[in-house]
Each structure stands twice: as structure tokens, then as C-alpha cells.
Amino acid sequence: MRRLLSVAALLGCHGGATKDAVDLGPCTPRSGTQPTVREITHVDDLPLLVTSPPAPDARLFIVERAGTIAVYADGQLQHAPFLDLTNGPVVSLGDEQGLLGLAFHPGYAQNRKFYVYYTTDTDDVVAEYQAMANDPTRADPATARIVLSIPDYATNHNGGMIEFGADGFLYIGTGDGGGQGDPNNNGQNPSSLLGKFLRIDVDVASGHGIPTDNPFVAGGGAPEVFMIGLRNPWRWSFDRGTGNIYIGDVGQSSVEEVDVVNAASAALTDFGWSDCEGRLPYKGAGCDSPTQPHRVPPAYQQIRAAGGGTSNWTSVVGGQVYRGACYPDLVGRYFFSDNNASGLYSFVWDGAQATDVIVHPGDFPAGPTSIHADSRGELYITYADQRVMHLEVE
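The structure reproduced in this document is the subject of the present report. (Residues numbered from 1 in each chain as written. Predicted model: local features only at pLDDT ≥ 70, side-chain atom pairs only at ≥ 80, totals over all residues. Heavy atoms only, no water.)

Some words on the pattern of salt bridges
For side chains bearing opposite charge, pairing can occur when the charged atoms are close.
Okay, step 1: Per the counting criterion, the structure on display carries 12 salt bridges.
Okay, step 2: Note that Arg38 and Glu392 form a salt bridge whose closest N and O atoms lie 2.7 Å from each other. Of this pair, Arg38 sits in strand S1 (residues 35–42) while Glu392 sits in strand S27 (residues 387–393), placing them 354 residues apart in sequence.
Okay, step 3: A relative accessible area of 34% means that Arg38 is categorised as partly exposed.
Okay, step 4: Among the residues examined, Glu392 registers a relative accessible area of 8% and is labelled buried. (Salt bridge = Lys/Arg side-chain N within 4 Å of Asp/Glu carboxyl O. Helix = DSSP H or I, 4+ residues; strand = E, 2+ residues; numbered from the N terminus. Buried < 20%, exposed > 50% of the residue type's maximum accessible area, 1.4 Å probe, protein only.)

Considerations on the side chain of Arg231
Okay, step 1: In this fold, Arg231 is placed in the loop between strand S14 (225–227) and strand S15 (235–238).
Okay, step 2: One buried charged side chain, Arg231, makes no salt bridge at all; its nearest oppositely charged neighbour is Asp176, positioned 4.6 Å away.
Okay, step 3: A polar contact is formed between the side chain of Arg231 and the side chain of His157, at a distance of 3.1 Å.
Okay, step 4: At a separation of 3.2 Å, a polar atom in the side chain of Arg231 contacts the main-chain carbonyl oxygen of Val250. (Lys, Arg positive; Asp, Glu negative; His and termini not counted. Polar contact = N/O pair within 3.5 Å; in protein donor to acceptor, adjacent residues only side chain to side chain.)

Remarks on the nonpolar core
Okay, step 1: Counting 41 residues, the largest nonpolar core has Leu148, Leu170, Ile172, Val258, Phe336 and Phe347 as the members making the most contacts within it.
Okay, step 2: Excluding residues within four positions of it along the chain, Leu148 makes contact with Asp124, Val125, Val126, Ile172, Leu193, Leu198 and His208. (Core = buried A, V, L, I, M, F, W, Y, C linked by side-chain atoms within 4.5 Å. Contact = heavy atoms within 4.5 Å.)

Structural notes on the layout of surface pockets
Okay, step 1: When its volume is computed, the largest pocket comes out at roughly 610 Å³.
Okay, step 2: Of all the secondary structure elements, the ones that give two or more residues to the lining of the largest pocket are strand S7 (99–104), strand S11 (162–164), S15 and strand S25 (368–373).
Okay, step 3: Grouping the constituent residues of the lining of the largest pocket by class yields 16 nonpolar, nine polar and seven charged. (1 Å grid on protein atoms, 1.4 Å probe; cavity = no way out; pocket = protein on both sides within 12 Å on 5 of 7 lines; lining within 4 Å. Points joined across faces, edges and corners; volume = space filled by probe spheres on them. Nonpolar A, V, L, I, M, F, W, Y, C, P; charged D, E, K, R; others polar.)

Structural notes on the sheet that holds strand S24 (residues 354–360)
Okay, step 1: Strand order in this open sheet of four strands is S21-S22-S23-S24, and the pairing throughout is antiparallel. Unpaired on one side and paired on the other, strand S21 (316–321) and S24 mark the two borders of the sheet. Neighbour to neighbour, the strand axes of the sheet diverge by 20 degrees on average, direction disregarded. (Pairing = 2+ DSSP bridges. Axes fitted to C-alpha atoms, helices over the stretch in contact; angles between N-to-C directions.)

Remarks on the packing of aromatic side chains
Okay, step 1: Under the definition given, this model contains 24 aromatic pairs.
Okay, step 2: Ring geometry for Tyr300 and Phe336: centres 5.1 Å apart, planes at 70 degrees, overall edge-to-face. Of the two residues, Tyr300 is situated in strand S20 (residues 300–303) and Phe336 in strand S22 (residues 334–338); the sequence distance between them amounts to 36 residues.
Okay, step 3: Over the aromatic face of Trp273 sits the side chain of Arg231, whose NZ or CZ is 5.7 Å from the ring centroid.
Okay, step 4: The positively charged end of Arg235 is found above the aromatic ring belonging to Trp234, 3.9 Å away from the centroid. (Phe/Tyr/Trp six-rings, centres within 6.5 Å; stacked < 30°, edge-to-face > 60°. Lys NZ or Arg CZ within 6 Å of the ring centre and 35° of its normal.)

As for the pairing of S27
Okay, step 1: The element S27 is largely enclosed, with a buried count of six among its seven residues.
Okay, step 2: Direction of pairing for S1 relative to S27: antiparallel, over a ladder of seven bridges. Bridge assignment links Val37 to a residue of S27, and that residue is Leu391.
Okay, step 3: Bridge analysis of strand S26 (residues 379–383) against S27 gives three bridges, and the strand direction is antiparallel. Within S27, the position partnered with Tyr380 by the bridge is His390.
Okay, step 4: Where S26 folds back onto S27 in an antiparallel hairpin, the turn is made up of three residues, including Gln386, whose phi is positive at roughly 80 degrees.

Describing the side chain of Arg333
Okay, step 1: Relative to the assigned elements, Arg333 resides in the loop between S21 and S22.
Okay, step 2: Here the side chain of Arg333 touches Ser346 through a polar contact of 2.9 Å, side chain to side chain.
Okay, step 3: At 2.3 Å, the side chain of Arg333 and the side chain of Asp356 are in polar contact.
Okay, step 4: Discounting residues that sit within four places of it in the chain, Arg333 has contacts with Gln320, Val321, Tyr322, Ser346, Phe347, Val348, Asp356, Ile358 and His360.

Overview of the environment of Arg304
Okay, step 1: Looking at where Arg304 falls in the secondary structure, it is placed in the loop between S20 and S21.
Okay, step 2: Considering only alpha carbons, one finds Arg304 and Met132, 172 residues apart in sequence, at a separation of 48 Å.
Okay, step 3: A distance of 3.0 Å separates the side chain of Arg304 from the backbone oxygen of Trp313, its partner in a polar contact.

Structural notes on the sheet that holds S7
Okay, step 1: The four strands lie next to each other as S7-S8-S9-S10, forming an open sheet whose pairing is antiparallel. Single-partner strands in this sheet number two, and they are S7 and strand S10 (135–151). With direction set aside, neighbouring strand axes in the sheet form an average angle of 25 degrees.
Okay, step 2: With five bridges joining them, S7 and strand S8 (residues 113–119) adopt antiparallel strand pairing. Along S8, the bridge assignment pairs Ala103 with Tyr115.

Any link to function would need more than the numbers given here.
Here's what the structure looks like:
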């Protein structure tokens with residue numbers, strides 16, 4: 001994101017656990033379509049993501065930019081972090097860098113493996129860790145294993161979101177490397193790991209394996225590459241109900257966009273950057289009606305003032321489709337936001353286009369950094385003032 005992790009976003013004075021426990025256990029379904037948010041806790045640093053291991057593990061793991069992962073369990077923020085990289089790998093914190101992503105192995109209950117995405121001074125790194133066998137509340141630093149290291153020459157456009165697909169492979173969203181305007185044309189270069197969606201096999205003894213059906217496994221591009229043409233897919237997610245991938249791709253100066261593809265047919269998809277910024281031409285032409293065989297236009301876009309519009313959006317925050325049981329009237333609706341415009345937005349993807357687009361009324365905090373689900377499908381929003389909110393209905 002352009003300035004999502006700026007110094008201003010780090011300002012705040014909260015720390016420690018909330019006074020009152022917030023029960024996030026089984027719920028009584030509540031009708032209603034007007035979403036609201038409720039604070040469940042706040043953390044010591046900038047929270048960038050809330051996620052959890054596969055069900056039935058109901059704990060919430062909160063990724064903090066400086067290098068720690070906090071745990072929210074039994075209605076309280078636990079005092080000891082699950083993982084602390086502040087004294088381990090040198091996690092760079094310049095501009096948009098930091099500890100940016102977390103994903104639990106589908107077999108976490110058996111193998112205790114999880115994966116993090118962080119930046120160093122020279123690389124974007126995906127690393128594997130294991131929780132301690134005798135203490136599942138703590139990760140074992142000695143189990144660290146580098147899965148993938150991508151040379152990166154700038155401190156912005158780092159991507160950072162990682163998720164396991166239904167196929168058991170790890171998907172990784174990378175930024176175009178930084179600078180302005182994709183100066184090295186990484187987005188459209190299939191041999192570069194920057195500006196891409198990568199898909200790898202982590203169930204190997206060292207490094208990573210390549211799925212045999214990746215599009216460039218036989219040549220023509222880097223074998224890890226699955227989809228191309230992204231600028232900075234800061235936050236993205238799988239829809240657990242359909243297998244669709246929803247990507248919030250942060251724009252250059254004119255367009256903020258959300259892309260939607262089905263994972264089963266997504267290989268080789270080209271989202272256009274840096275030939276296009278959304279549906280507008282950037283370095284190429286014909287972006288309103290793509291002529292490239294694998295190029296897809298955005299499902300949704302906001303035209304900013306610099307692009308001829310009036311939107312105050314600057315950094316789209318991709319979210320997730322609600323698939324929880326607490327608020328049945330929200331099921332199937334994709335929620336997202338923008339770090340500068342704030343507020344809460346949603347639409348329903350009908351397989352071809354975004355429908356029933358809603359700008360939800362309400363007093364939502366400023367500076368959202370992520371919207372993501374736990375193992376139950378309930379959604380949580382993290383904010384730049386260090387608060388973690390639960391998405392509910394009024």
C-alpha cells in the first residue's frame with residue numbers, strides 16, 4: 001500500500017489487554033443487514049491481520065507489524081506472544097515493511113506448522129515454524145525454515161498476504177517491488193516473482209516444491225508463478241463457499257480495484273498491471289476491453305481524483321466473503337474498505353460482476369488495515385489505532 005504503514009498509521013497509545021472479556025464462542029444467529037463493529041481487544045503495535053488455525057481451533061492470532069503474533073483466547077489477549085521475531089530474524093520496518101502475513105497449515109492440528117511472510121532489508125521472506133509440542137500457546141523459534149526468499153529492491157509494494165488453498169498449496173501475493181509505476185516492469189514479466197500470485201508446495205524437506213499444474217512449470221516463466229499483473233495485492237482471501245479469490249490491489253494514482261477469479265481456473269490470469277491501472281491504460285492500451293487472452297478487468301474499481309474521479313480512496317483493503325453462522329443475512333457478501341477513505345463497503349459476486357454494491361452507513365473507525373475471517377467464518381477488522389474489531393450487525 002502506498003502509505004498504509006506510514007509513521008502516521010503507527011501513532012496510538014493503547015497497550016495490553018482489554019478490561020472486559022469479549023466472548024467469541026458459539027453464537028445465537030441474529031438477523032440484520034446493517035453491519036457494525038465492536039472492539040474485542042487492542043495490541044501494542046500496528047495490527048495487520050487476524051486469522052486462526054483450521055477449525056475447531058477458535059483462537060485468534062493477531063499479526064503485529066513490528067514482528068510479533070499475539071493470541072486472543074478465552075475472551076482475553078494473552079500476555080505472552082505466540083511468536084516474537086523482534087529478536088530473531090531482522091524484520092525490516094521501513095515504509096511498508098514488517099511482519100505482514102500468517103497462514104496455518106491445513107494439517108496444523110497434527111503437524112503444528114504455520115507460515116509467516118516478513119521483509120528484510122533485501123528480501124521478502126516466507127518462513128515455516130512449528131508450535132511447541134509441549135506448549136501449543138508458543139511457537140518454537142528453533143524450527144524456523146526458509147521456504148522462499150524473494151529479492152526486493154524497495155521498501156514499498158511488498159504484498160504480504162499468504163493463504164492455503166483447498167488444494168493444499170500455499171498461495172502468496174507479492175507486490176511489484178516498489179518505486180512508482182513498476183519501473184522494472186515486473187508485473188507483466190512472468191519470470192519475475194514480484195507483482196504476482198505465487199503457488200507453491202510447502203510439504204517438502206527443504207525450500208519449496210512446485211505444483212505440477214502451475215502454468216510455467218515447463219518453462220516460459222518462473223515455476224512458482226500462478227497469476228500475473230498485480231501492483232500490490234495487500235490483502236486478499238479465498239471465499240470458502242465458492243473457491244473464488246478476491247484480491248484488493250492497491251493502485252498507482254488513479255484506480256483502486258478488487259479482482260475476483262475462481263481458483264480452479266485462475267492459472268495464467270493477468271490482472272493488467274502495469275499495462276493497465278484498473279480499466280484505465282497505464283503503459284498499454286485497450287484496457288477497457290482487454291485483448292490479452294488471459295487478462296481480466298477488475299470486478300470493482302474506485303476512480304480517484306487523479307484518474308478523473310472524485311474518490312478519496314488511496315489504498316484498497318481487500319477483505320473476505322462472510323461465511324459465518326452468527327449473521328445469516330450477511331452470508332455470501334464480500335466486505336472490503338480503504339485505508340484512507342475508511343468506512344465499510346460490500347458487494348455480491350454473481351459469477352460475472354459485482355452486484356448489490358453497498359456503502360454501509362455507520363461510524364466506522366479510520367485507518368482499516370485488514371478484514372479477515374477466523375476458523376468459524378466470522379470477520380474481524382484491524383485498525384491503525386491498534387484496535388481489533390469484530391464485524392457484527394445492529
